[in-house]
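# Close look at the chain arrangement
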Amino acid sequence: MRNLGRYGRGRMGLMWRLSWPAIVEQVMTTMVSYVDTAMVGVLGAAATAAVSVNAASIWLINGILAGVGVGYSVQVSNAMGAEDDEKVREIIRQGILAVLACGGAALLLFQLLAGSIPRWLGAKPEVLPGAVAYLRFYTLSMPFTACSAIFSAILRCMGNTKTPLFFNTAANLINLVLNFFLIYETRTVTVLGLSITVPGAGLGVAGAAIASATALAVAGSALLWAALQQGDRFRVHLRGIRPNGAIIRQAVHLGLPSALERATINLGQIAMTAVVASLSTVSLAANQIATTAEGLCYLPAYGISYAGIALVGRAVGAKDREDARAYGTLSAWAGGLLCAGTGVLLFLLSGPLAGLFNSDPAVVEEAAQMLRIVAPAEPFFAVSIVLSGTLRGAHDVRYPMVVGLVSMWGVRIVLALLLVRQFHFGLAGVWIAMSVDLILRGILCSLRWKSKRWEKMCGLDRVPL
């Protein structure tokens, strides 16, 4: 805590002003997704399976697009720190080309493979038609998803965290409303004693996908418009837009390791799901519930990470080594302390929290046990999330990728297989391995930040304090 006082309240205040909208956005998006899953779940197990079987492929592409966003947003934060307004505008223009290239490629790929991907991921014959329809309709939004990933990141690194909060939250609410009308058949509901006929398209899983795609299109379009219309200083004109080799090469340098890291972790999660699937049905259900509940615990860290990457990136652009060190350290402290608190709540409320998602006592008890196992690891995970962002802001982009690769494939998966297959720990073995992985990530990222090797990556080692 002594370090916190050293860096002053002014920096802490600025960090929190940038962090809180991103934290609220993460919580709102996650809560709405829970309701979204419940709305589809009413249709039965096949409908739920049709959505969940596609989750891995959607997470994978979203992670890659988030990596593209890192490539452009870090450059924006550097240009903001250097007060190079023209370069900021040029990076935004190049971001549009990235949306067209990456979003278009993702759209084409998914439309060509929509009939095969659910089958590759193990969809049963009774699930396959719904899964194919869901993936085909959902991925029509890929160019808009790319817009949202890239321009949300750019806006945050320009210090505008409220606009992504507003548009992404609005889009999730639009998704809920459209679900209500597109998923279900026309039916009669009773409200305050009055019978009301609610029209419905009865499209089932396809309706849920159409609703999501429409909401993503709204968010992506709005965020693009917001990025282009930011007052006279940063207003972007699209006349004569053409590829800028230097910016594109730097985007690849900064963004590719992040995209590979997300892809590696997502593929590792698929492998872990296969390990869990070899256990009992109760364990499989408990794992899903515990994963869903645990996700609420570390959401604040992502919001703080967005602020950290913007502030460290600006300090790098301004050649201010003291600010870069201070904002990275403050972000890590804030993320770790906040998630230490949520970790305590996760441990104490594990039973009631697991009970929100299932009524089977055996499933709830096993899920609660998993939450108690992972709760002590949450502060470490939060620190790794935040410092991975700040390291990227300082151009140290390969280290978080290596940590993710080693921790997931060299520690979590190997240890889980050993504990489950050799020592018969069951689902607890999977979650112990996960906890060890998360703790290791936090320690390694902390050591990297403390070593100050990142200063050489971004040229701050040559700047006097």
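What follows is about a nonpolar patch on the surface. Together, Leu267, Ile270, Val402, Leu405, Val406 and Trp409 give the surface a local cluster of nonpolar side chains, amounting to about 490 Å² of exposed area. Secondary structure elements with two or more residues in the nonpolar patch: α12 (245–277) and α19 (398–422). The leading source of residues in the nonpolar patch is α19, at four residues. Judged by relative accessible area, leucine 405 falls into the partly exposed class, the value being 44%.

What follows concerns the environment of serine 141. By the secondary structure assignment, serine 141 is in the loop between α7 (128–138) and α8 (142–157). A relative accessible area of 2% places serine 141 in the buried class. Each C-alpha atom of the pair serine 141 and serine 359 lies 35 Å from the other, and the pair is 218 residues apart in sequence. Not counting residues within four places of it along the chain, the set of residues in contact with serine 141 comprises Ala213 and Leu216.

The next subject is the environment of valine 53. Relative to the helices and strands, valine 53 is located in the loop between α3 (45–52) and α4 (55–81). Sequence spacing of valine 53 and glycine 122 is 69 residues, and the spatial spacing of their C-alpha atoms is 7.5 Å.

Moving on to the pattern of salt bridges. A side chain with one charge may pair with a side chain of the opposite charge, provided their charged atoms come close. Under the defined criterion, the tally for this structure stands at 15 salt bridges. With a closest N to O distance of 3.8 Å, arginine 11 and glutamate 322 form a salt bridge. Of the two residues, arginine 11 sits in helix α2 (residues 9–41) while glutamate 322 sits in helix α15 (residues 321–348), which places them 311 residues apart along the sequence. Under the relative-accessibility criterion, arginine 11 is labelled buried at 17%. Given the relative accessible area of 45%, glutamate 322 is considered partly exposed. Put simply, glutamate 86 and arginine 93 hold a salt bridge, and the shortest N to O gap is 2.9 Å.

Taken residue by residue, the protein chain gives an average pLDDT of 88. The fraction at 70 or more is 96%. Note on residues 1–5: pLDDT under 50 across the span, and seven contacts to partners over four residues away in sequence or across chains.

What follows deals with the packing of α12 against α19. Each pair of packed helices gets described by two things: the angle between the helix axes and the distance between those axes. Following both chains from N to C, one finds α12 and α19 inclined at 10 degrees, their axes separated by 8 Å at the closest point. Relative to α19, the element α12 lies roughly parallel. Taken together, the residues of α19 that come into contact with α12 (itself represented by Pro257, Leu260, Glu261, Thr264, Ile265, Leu267, Gly268, Gln269, Ala271, Met272 and Val275) are Arg398, Pro400, Met401, Leu405, Met408, Trp409, Arg412, Ile413, Ala416, Leu417 and Val420. Among the residues forming the contact of α12 with α19, the class breakdown is 16 nonpolar, three polar and three charged.

Looking at where arginine 412 falls in the secondary structure, it is placed in helix α19. Of the residues examined, arginine 412 reaches a relative accessible area of 9% and is grouped as buried. A polar contact is formed between the side chain of arginine 412 and the side chain of aspartate 437, at a distance of 2.7 Å. Beyond its immediate sequence surroundings of up to four residues, arginine 412 is in contact with Met272, Ser407, Ala433, Met434, Asp437, Leu438 and Arg441.

All right, on to the pairing of strand β2 (residues 194–201) then. Pairing geometry for strand β1 (residues 185–191) and β2, over six bridges, is antiparallel. Looking across to β2, one finds that threonine 188 is bridged to threonine 197. Hairpin connection, β1 to β2: the antiparallel pair is bridged by two residues, and leucine 192 has positive phi, about 55 degrees.

Taken as a whole and assessed by the stated rule, the structure comprises six aromatic pairs. Between tyrosine 298 and phenylalanine 381, the ring centres sit 4.9 Å apart and the planes meet at 75 degrees, which makes this aromatic pair edge-to-face. You can see tyrosine 298 sitting in the loop between α13 (281–294) and α14 (299–317) and its partner phenylalanine 381 sitting in helix α18 (residues 378–393), a full 83 residues away along the chain. Overall, phenylalanine 381 belongs to the buried group, its relative accessible area being 11%. Look at tryptophan 449 and tryptophan 454: their rings are 4.1 Å apart centre to centre, the planes differ by 10 degrees, and that puts the pair in the stacked class.

All right, on to helix α10 (residues 205–228) then. With 24 residues, α10 should cover 34 Å at 1.5 Å per step; its first-to-last C-alpha distance of 35 Å lies within 8% of that length. Of all 24 residues in α10, 17 are buried; the element is thus mostly enclosed.

Attention shifts here to the nonpolar core. Ranked by size, the top nonpolar core spans 64 residues in total, and within it Val312, Leu346, Leu427, Val430, Trp431, Trp454 and Leu460 carry the most contacts. Beyond its immediate stretch of four places on either side in the chain, tryptophan 431 contacts Asn287, Ala290, Thr291, Glu294, Met370, Ile373 and Val374. The next biggest cluster of nonpolar side chains, apart from the first, holds 55 residues, and it includes Val76, Ile117, Ala146 and Ile183.

Before going further, it helps to examine the environment of leucine 419. As for its placement among the helices and strands, leucine 419 is situated in helix α19. Considered as a pair, leucine 419 and alanine 46 are 373 residues apart in the sequence and their alpha carbons are 32 Å apart. Setting aside anything within four residues of it in sequence, one finds leucine 419 in contact with His424, Phe425, Gly429, Ile432 and Ala433.

Tracing the sequence through the fold places serine 388 in helix α18. Within the structure, the side chain of serine 388 is placed 2.7 Å from the backbone oxygen of serine 384, a separation counted as a polar contact. For serine 388, the contacting residues outside a window of four places in its chain are Pro400 and Cys445.

The rules behind these values
- Residues numbered from 1 in each chain as written.
- Predicted model: local features only at pLDDT ≥ 70, side-chain atom pairs only at ≥ 80, totals over all residues.
- Heavy atoms only, no water.
- Patch = residues over 30% accessible without salt bridge, like charges linked within 9 Å, V, L, I, M, F, W, Y side chains within 5 Å.
- Areas by Shrake-Rupley, 256 points an atom, 1.4 Å probe, with all protein chains shown as cover.
- Salt bridge = Lys/Arg side-chain N within 4 Å of Asp/Glu carboxyl O.
- Helix = DSSP H or I, 4+ residues; strand = E, 2+ residues; numbered from the N terminus.
- Buried < 20%, exposed > 50% of the residue type's maximum accessible area, 1.4 Å probe, protein only.
- Contact = heavy atoms within 4.5 Å.
- pLDDT = per-residue confidence, 0-100.
- Axes fitted to C-alpha atoms, helices over the stretch in contact; angles between N-to-C directions.
- Parallel < 35°, antiparallel > 145°, perpendicular 65-115°, else oblique.
- Nonpolar A, V, L, I, M, F, W, Y, C, P; charged D, E, K, R; others polar.
- Polar contact = N/O pair within 3.5 Å; in protein donor to acceptor, adjacent residues only side chain to side chain.
- Pairing = 2+ DSSP bridges.
- Phe/Tyr/Trp six-rings, centres within 6.5 Å; stacked < 30°, edge-to-face > 60°.
- Expected span 1.5 Å × (residues − 1).
- Core = buried A, V, L, I, M, F, W, Y, C linked by side-chain atoms within 4.5 Å.

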